[in-house]
Amino acid sequence: MLIDVNVNYGNWPFRRLSINTIKGIEKKLRKNKISKCFISHLGCALNFQEVEEYNEELHKKIKDNKFFCFVPAVNPALTDAEEIIENFRYIKIAPSYHLYSLNDKKFSYLFQKISDKKILVFLQMRYEDERSHNPAFKIGSPSLEEIKNFAVNYPDIKIILLCGYFSEIIQLCKIDNVYSDISFAEYFKTIKSLLKEISPDKLVFGSHTPFLYTEAGIAKLGYAEVEKDIVEKVAYKNIINLSGGRLK
């Protein structure tokens with residue numbers, strides 16, 4: 001089994017994505033033996049005041065398709081944020097794209113509610129490698145210190161980093177409630193090298209399709225050179241455990 005926690009639907013203004021339909025995404029992932037995926041709408045990233053509309057568009061497209069787990073984006077500055085966390089078990093936050101700090105006290109009520117409801121939080125570190133950003137449109141990732149403080153302040157929130165670099169994963173995943181996908185982790189024998197520093201329970205599989213080649217992410221598992229049970233943890237067991245044993 002293989003579960004992908006990092007899949008995107010929609011268009012991106014700075015590059016042409018090879019797949020931008022639900023049917024195309026499902027076909028691509030199933031072809032690569034992926035059993036289920038967590039998916040969000042790219043429109044939520046840059047249209048930060050229209051997050052609700054993009055969430056609704058994607059949710060309608062996939063709500064009857066069990067292949068997909070819908071991950072709505074949440075901008076805590078918008079009035080619909082609280083409604084989203086009342087109705088969904090997973091959310092995505094992208095503070096760099098929505099122009100806020102994770103440590104802003106005016107959002108503490110919302111984050112505490114996320115904590116109380118045991119909502120699994122996907123934290124988008126970036127969508128593209130900073131080196132490939134349009135020169136006129138550069139967005140940095142949240143600072144490691146900001147994320148560390150957030151994780152420590154809300155120890156009951158399980159946080160999954162999406163598109164973290166190798167060094168970021170090593171530093172942040174040493175915090176009890178922080179986990180990471182492997183989509184942007186690039187290193188010699190990536191998974192084996194990560195496991196020299198962090199527990200195998202901390203990693204989940206994410207391809208970042210369609211920004212990155214799905215096959216490239218899968219190859220990290222295929223050439224992991226670690227025990228089969230560890231590969232299985234990264235491939236699907238860890239995300240099932242983080243989801244409370246059930247995916248929807």
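These numbers were taken from a predicted model, which means no experiment stands behind them.

**Some words on helix 1 (residues 22-31)**
- Here helix 1 has its buried residues at Ile22, Ile25, Glu26 and Leu29. Around the axis of helix 1, the buried residues are gathered within 95° of arc, so they sit on the same side. Of the residues in helix 1, the exposed ones pointing more than 90 degrees away from the buried face are Lys23, Lys27 and Lys31.
- Residues of helix 1 that are buried sit in contact with strand 1 (3-9), strand 2 (36-41), helix 3 (51-62), strand 3 (68-70) and helix 10 (214-222).

**A look at the sheet that holds strand 6 (residues 159-162)**
- The sheet built from 5 strands is open, its strands ordered 4-5-6-7-8 with parallel pairing. Each edge of the open sheet is held by one strand with a lone partner, namely strand 4 (90-93) and strand 8 (203-204).
- Across 2 bridges, strand 7 (residues 178-181) lies against strand 8 in parallel orientation. Bridged to Asp181 within strand 8 is Val204.

**Here's the deal with unusual backbone geometry**
- For the bond running from Thr209 to Pro210, omega is 5°, close enough to zero to count as cis.
- Relative to the helices and strands, Pro210 is located in the loop between strand 8 and helix 10.
- Even without glycine at this site, His208 takes up a positive phi of about 60°.
- Along the chain, the position of His208 falls in the loop between strand 8 and helix 10.
- Here the phi dihedral of Glu225 falls at roughly 55°; this positive angle occurs in a residue that is not glycine.

**Things to note about the packing of aromatic side chains**
- Counted according to the given criterion, the structure contains 17 aromatic pairs.
- Centre to centre, the rings of Tyr100 and Phe107 are 5.5 Å apart; their planes meet at 75°, and the pair counts as edge-to-face. The exposure classification of Tyr100 matches that of Phe107, with both residues buried.
- Each member of the aromatic cluster is reached from another via a ring pair, and the members are Trp12, Phe14, Tyr97, Tyr127, Phe137 and Phe211.
- Over the ring of Tyr165 we find Arg126, and its NZ or CZ is 3.6 Å from the ring centre.

**Let's talk about the pattern of salt bridges**
- Counted according to the given criterion, the structure contains 14 salt bridges.
- With its nearest N and O atoms 2.8 Å apart, the salt bridge here joins Arg30 to Glu26. Taken together, the residues Arg30 and Glu26, both in helix 1 and 4 residues apart, mark about one turn of the helix.
- A salt bridge links Asp201 to Lys233, with the nearest nitrogen and oxygen atoms 2.7 Å apart. Of this pair, Asp201 sits in the loop between helix 9 (190-194) and strand 8 while Lys233 sits in helix 11 (residues 228-242), and the two are 32 residues apart along the sequence.
- A residue is classified by how much of its surface remains accessible, and Lys233, at 26% relative accessible area, is partly exposed.
- Taken together, the shared-partner salt bridges in this structure form one network comprising Glu82, Glu86, Lys113 and Lys117.

Each value, and the rule that gives it
- Residues numbered from 1 in each chain as written.
- Predicted model: local features only at pLDDT ≥ 70, side-chain atom pairs only at ≥ 80, totals over all residues.
- Heavy atoms only, no water.
- Buried < 20%, exposed > 50% of the residue type's maximum accessible area, 1.4 Å probe, protein only.
- Helix = DSSP H or I, 4+ residues; strand = E, 2+ residues; numbered from the N terminus.
- Arc of directions from axis to C-beta.
- Contact = heavy atoms within 4.5 Å.
- Pairing = 2+ DSSP bridges.
- Phe/Tyr/Trp six-rings, centres within 6.5 Å; stacked < 30°, edge-to-face > 60°.
- Lys NZ or Arg CZ within 6 Å of the ring centre and 35° of its normal.
- Salt bridge = Lys/Arg side-chain N within 4 Å of Asp/Glu carboxyl O.

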